[in-house]
Amino acid sequence: KESVFNTPWKPAEKVSALLTERIASATAYNRFLYFYSLDEKAFRRSTLDGKEKETLLSNLPGEPTRIVWAPNHEKALVLLKKSDGSSLWHTLDFSTQTLIPLKPEISRIAWDNTGSKIFYQYTDPKTGDRTLNSADPDGKNWKNIIALGSKDFFIAPVPGSISVSYWNRPSAREKGALSVVPLTGGSTKTLVHDVFGGDFLWAPSGNRVLMQATDNADPSKIRLALMNESGGELQTLEMAQTLITKAVWSKSGKILYYALPSPFPESSTLPNDYFEKNLHSQDSFWKLDVETKKAERLIDLKDITEAYDATELFLAPDEHSLYFTDRTSQKLFRIEF
């Protein structure tokens, strides 16, 4: 197929269910879909059409509640909840079929851009103080990067660099900030601060950041905005009133694909209620050229025959399909362009 960006745009005709099983943390790499099957209790992969499935690893000593895939998908970071109610992060290596437990004080974990290191938040069990650290995937050769204080932070590498970004856990009730620190030393740079409900998603090139913020005048609404890698040129995307978890970048960083929810109840406080009170949305699907600000539907409303609460969006490697997990049914769906 020719690139979707060089041909006249035509909306998709349907949303297709791909897998019969309930899944978590689906993603695509090369010719395969990777996911954890909640029904089979196993890590699996399939072809991009959901067929020809195979099991990568099963019989885990706990239930995965968080999964972070390595860039090459040969490893994954897995938070396992055990029968006694405790949870512990592990590094899973599919090639060697090994599961390595990490320190219990580790949380908010992420891979670096190459998959050779991990970043994580470490909480001192005595003081409660937190630090941002890096280490080998097995937890060895750790290095303290910066003190974080007592607040809870999200972590993500800055694409195309050896820096790491961190920001407060998103809450409409608390101001947050996005900061970047180089691993080779130097001072921390805060790109944006005093953001209620702030969450962030770097473009693959690292030259743009998508920012989520709660509407100050109406906490039942949430908006997306763009800024450059230095925190400048801030632009609100009025047509994209959605959550970061309902958006994904194209490889070029010029196109944003997103699920747009119907209005939430006026009594809602976002993003808190969406995650804490199991509040569900009913979404339509869009793409936005972030340079021209032209937004187009991926699929006409008349062709959306079910109510979807889309999360964990990702694109096929050729960018001719958008995948998402419906938060209600926990099933995987695809929209082909």
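Residues numbered from 1 in each chain as written. Predicted model: local features only at pLDDT ≥ 70, side-chain atom pairs only at ≥ 80, totals over all residues. Heavy atoms only, no water.

1. Topic: the overall build of the protein chain
Moving on, step 1. Helix and strand counts for the protein chain come out as 1 helix and 28 strands.
Moving on, step 2. For 337 residues, the compact-globule estimate of 2.2 N^0.38 gives 20 Å, and the C-alpha radius of gyration of the protein chain, at 20 Å, lies within 12% of that figure.
Moving on, step 3. Looking at the protein chain residue by residue over its 337 residues, the buried ones come to 52%.
Moving on, step 4. Taking all contacts inside the protein chain whose residues are at least 6 apart in sequence as the whole, residues at least 24 apart take part in 41%.
Moving on, step 5. Per element, the accessible surface of the protein chain, about 15900 Å² overall, is 48% carbon and sulfur.
Moving on, step 6. A gap of 1 Å separates the mean positions of the 41 positive and 43 negative side-chain charges of the protein chain. (Helix = DSSP H or I, 4+ residues; strand = E, 2+ residues; numbered from the N terminus. Rg over C-alpha atoms; globule rule 2.2 N^0.38 Å. Buried < 20%, exposed > 50% of the residue type's maximum accessible area, 1.4 Å probe, protein only. Contact = heavy atoms within 4.5 Å. Areas by Shrake-Rupley, 256 points an atom, 1.4 Å probe, with all protein chains shown as cover. Lys, Arg positive; Asp, Glu negative; His and termini not counted. Charge placed at Lys NZ, Arg CZ, Asp CG, Glu CD.)

2. Overview of the packing of aromatic side chains
Moving on, step 1. All chains considered together, the criterion is met by 18 aromatic pairs.
Moving on, step 2. Relative to Tyr34, the ring of Phe32 lies with its centre 6.5 Å away and its plane at 75°, an arrangement referred to as edge-to-face. Exposure class is identical for Phe32 and Tyr34. Each is buried.
Moving on, step 3. A centroid spacing of 5.5 Å and a plane angle of 75° characterise the contact between Tyr308 and Phe324, whose relative ring orientation is edge-to-face. In this pair, Tyr308 is assigned in the loop between strand E25 (294–297) and strand E26 (310–315) and Phe324 in strand E27 (residues 321–326), connecting sequence segments 16 residues apart. (Phe/Tyr/Trp six-rings, centres within 6.5 Å; stacked < 30°, edge-to-face > 60°.)

3. Description of the sheet that holds strand E1 (residues 16–17)
Moving on, step 1. Spatially, 4 strands are ordered E1-E28-E27-E26 in an open sheet, and the strand pairing comes out antiparallel. Taken across any chain shown, the strands that pair with only one partner, and hence form the sheet edges, are E1 and E26.
Moving on, step 2. Relative to E27, E26 runs antiparallel, the two sharing 4 bridges. Among the inter-strand pairings, Leu315 is bridged to a residue of E27, identified as Leu322. (Pairing = 2+ DSSP bridges.)

4. Focus on the sheet that holds strand E20 (residues 222–228)
Moving on, step 1. Taken together, 4 strands build an open sheet; the order of strands is E18-E19-E20-E21 and the sheet is antiparallel. Taken across any chain shown, the strands that pair with only one partner, and hence form the sheet edges, are strand E18 (199–202) and strand E21 (235–237). Taking the axes of each pair of neighbouring strands and ignoring which way they run, one obtains an average angle of 30° across the sheet.
Moving on, step 2. Looking at chain direction, E20 and E21 are connected through 3 bridges and run antiparallel. Paired with Ala225 across the bridge in E21 is Thr236. (Axes fitted to C-alpha atoms, helices over the stretch in contact; angles between N-to-C directions.)

5. Comments concerning the pairing of strand E10 (residues 106–111)
Moving on, step 1. Within E10, 5 of the 6 residues are buried, which leaves the element mostly enclosed by the surrounding structure.
Moving on, step 2. In this sheet, strand E11 (residues 118–123) lies alongside E10 in antiparallel orientation, the contact comprising 4 bridges. Within E11, the position partnered with Ser107 by the bridge is Gln121.

6. Details of the pattern of salt bridges
Moving on, step 1. With the rule as written, the count across this model stands at 18 salt bridges.
Moving on, step 2. Notably, a salt bridge pairs Arg208 with Glu291, separated by 3.2 Å at the nearest N-O pair. Taken together, the positions of Arg208 in strand E19 (residues 208–214) and Glu291 in the loop between strand E24 (283–289) and E25 put the pair 83 residues apart, joining distant regions of the chain.
Moving on, step 3. A relative accessible area of 46% places Glu291 in the partly exposed class.
Moving on, step 4. As a salt-bridge pair, Asp215 and Arg223 come within 3.0 Å of each other at their nearest N and O atoms.
Moving on, step 5. Judged by relative accessible area, which is 15%, Asp215 ranks as buried.
Moving on, step 6. Residue Arg223 is classed as partly exposed on the basis of its relative accessible area of 22%. (Salt bridge = Lys/Arg side-chain N within 4 Å of Asp/Glu carboxyl O.)

7. Quick look at the side chain of Glu21
Moving on, step 1. Mapped onto the secondary structure, Glu21 falls in the loop between E1 and strand E2 (23–29).
Moving on, step 2. What makes Glu21 buried here is its relative accessible area of 4%.
Moving on, step 3. At 2.5 Å, the side chain of Glu21 forms a polar contact with the side chain of Ser37.
Moving on, step 4. A polar atom in the side chain of Glu21 sits 3.2 Å from the side chain of Arg44.
Moving on, step 5. Ignoring anything within four residues of it in the chain, the contact list for Glu21 reads Phe35, Ser37, Asp39, Glu40, Arg44, Lys53, Gln330 and Lys331. (Polar contact = N/O pair within 3.5 Å; in protein donor to acceptor, adjacent residues only side chain to side chain.)

8. Details of the nonpolar core
Moving on, step 1. Core analysis: the largest hydrophobic core is formed by 19 residues, its most contacted members being Tyr257, Phe285, Leu322, Phe324 and Ile335.
Moving on, step 2. Aside from chain neighbours lying at most four places away, what touches Leu322 is Val248, Tyr257, Phe285, Leu298, Leu313, Phe314, Leu315, Phe333, Arg334, Ile335 and Phe337. (Core = buried A, V, L, I, M, F, W, Y, C linked by side-chain atoms within 4.5 Å.)

9. Some points on the side chain of His90
Moving on, step 1. One can find His90 in strand E8 (residues 87–93).
Moving on, step 2. Within the structure, the side chain of His90 is placed 2.9 Å from the backbone oxygen of Leu88, a separation counted as a polar contact.

10. Considerations on the environment of Asp273
Moving on, step 1. Looking at where Asp273 falls in the secondary structure, it is placed in helix H1 (residues 272–276).
Moving on, step 2. The spacing of Asp273 and Ser220 is 53 residues in sequence and 9.1 Å in space, taken between C-alpha atoms.
Moving on, step 3. Here Asp273 is in contact with Arg173, Ser267, Ser268, Asn278 and Leu279, once residues within four sequence places are set aside.

11. Notes on the confidence of the model for the protein chain
Moving on, step 1. When pLDDT is averaged along the protein chain, the result is 94, and 97% of the positions lie at 70 or above.
Moving on, step 2. Confidence drops under pLDDT 50 across residues 1–5; counting only partners more than four residues distant or on other chains, this segment forms 14 contacts. (pLDDT = per-residue confidence, 0-100.)

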